[in-house]
Amino acid sequence: MFKRFVIAGLLVIMGTVPTWADVYTIDPTHSSVVFSVTHMAISKVPGAFKEFSGFIDYNPGDMAKSRVEATIKVASIDTRDSNRNKHLQSPDFLAADSFPEITFKSTKVTDKGKGQLEIVGDFTMHGVTKSVTLDAEMLGAITDPRGNKRIGFSAHTKIDRMDYGVKWNMPLETGGLVVGHDIDITLGIEAVLKK
């Protein structure tokens, strides 16, 4: 703490005032990672990942200096059907044994105003890394009854699973495919300030 004040004092003398970021840890019990994909070309089937972690290096004074990192455990996938879960974990799809984690590391955060954010980052799945953009919204910041500082965000993006080498499919007799290519991903994130 003393070192931080000394550095801040020197920067003020030099004419530069820093804006310190706060690091918040994602609270998985109050957060969600949900996805959906087209099934049989007629409906959207949802799923979720139960195990994930990460942090938000939050700088409200200069959002461009904020950053986000998250890790999702592939084996925690849940589509409300145990056989389908096993198939999605298999080499046909996510190959959980070979690629046990999906990760996201932000590379750019843009404040669009009125709580709207654009978060660009490296998304790694199935051993392939691509840049994706999250359309995010800052939902609020509070101090909970136990004195913990919390922030909340929602975010959405869409990826093409074919870009990540997840290519299993079956054609339908009526045309189309059993599983769609596009995966809609929706995040509900609540994070707690690290003490």
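Before going into details, it helps to say that this report is about the structure given with it. Keep in mind the model is a prediction, meaning the values are calculated, not measured.

Basis of the calculations
Residues numbered from 1 in each chain as written. Predicted model: local features only at pLDDT ≥ 70, side-chain atom pairs only at ≥ 80, totals over all residues. Heavy atoms only, no water. Salt bridge = Lys/Arg side-chain N within 4 Å of Asp/Glu carboxyl O. Helix = DSSP H or I, 4+ residues; strand = E, 2+ residues; numbered from the N terminus. Phe/Tyr/Trp six-rings, centres within 6.5 Å; stacked < 30°, edge-to-face > 60°. Buried < 20%, exposed > 50% of the residue type's maximum accessible area, 1.4 Å probe, protein only.

Take the pattern of salt bridges next. Between side chains of opposite charge, pairing is possible as soon as their charged atoms come close. In total, this model carries ten salt bridges according to the counting rule given. Asp144 is the salt-bridge partner of Arg150, the closest N and O atoms lying 2.8 Å from each other. Note that Lys158 is salt-bridged to Asp184, the shortest N-O span being 3.9 Å. Taken as a pair, Lys158 in strand β10 (residues 149-160) and Asp184 in strand β11 (residues 179-193) lie far apart in primary sequence, 26 residues in all. One salt-bridge network, held together by shared partners, links Asp27, Asp144, Arg150 and Glu190.

Counted by the stated rule, this structure contains five aromatic pairs. Here Phe93 and Trp168 contribute two aromatic rings whose centre-to-centre distance is 5.2 Å and whose plane-to-plane angle is 55°, an arrangement assigned as tilted. Here the residue Phe93 occupies a position in the loop between α2 (82-89) and β7 (101-113), and Trp168 occupies one in the loop between β10 and β11, the gap between them amounting to 75 residues. With centroids separated by 5.6 Å and ring planes inclined at 85°, the aromatic side chains of Phe123 and Tyr164 adopt a geometry described as edge-to-face. Here Phe123 is found in strand β8 (residues 116-125), whereas its partner Tyr164 is found in the loop between β10 and β11, with 41 residues between them in sequence. Like Phe123, the residue Tyr164 is buried in the burial classification. Aromatic rings pair up to connect Tyr24, Tyr58 and Phe153 into one cluster.

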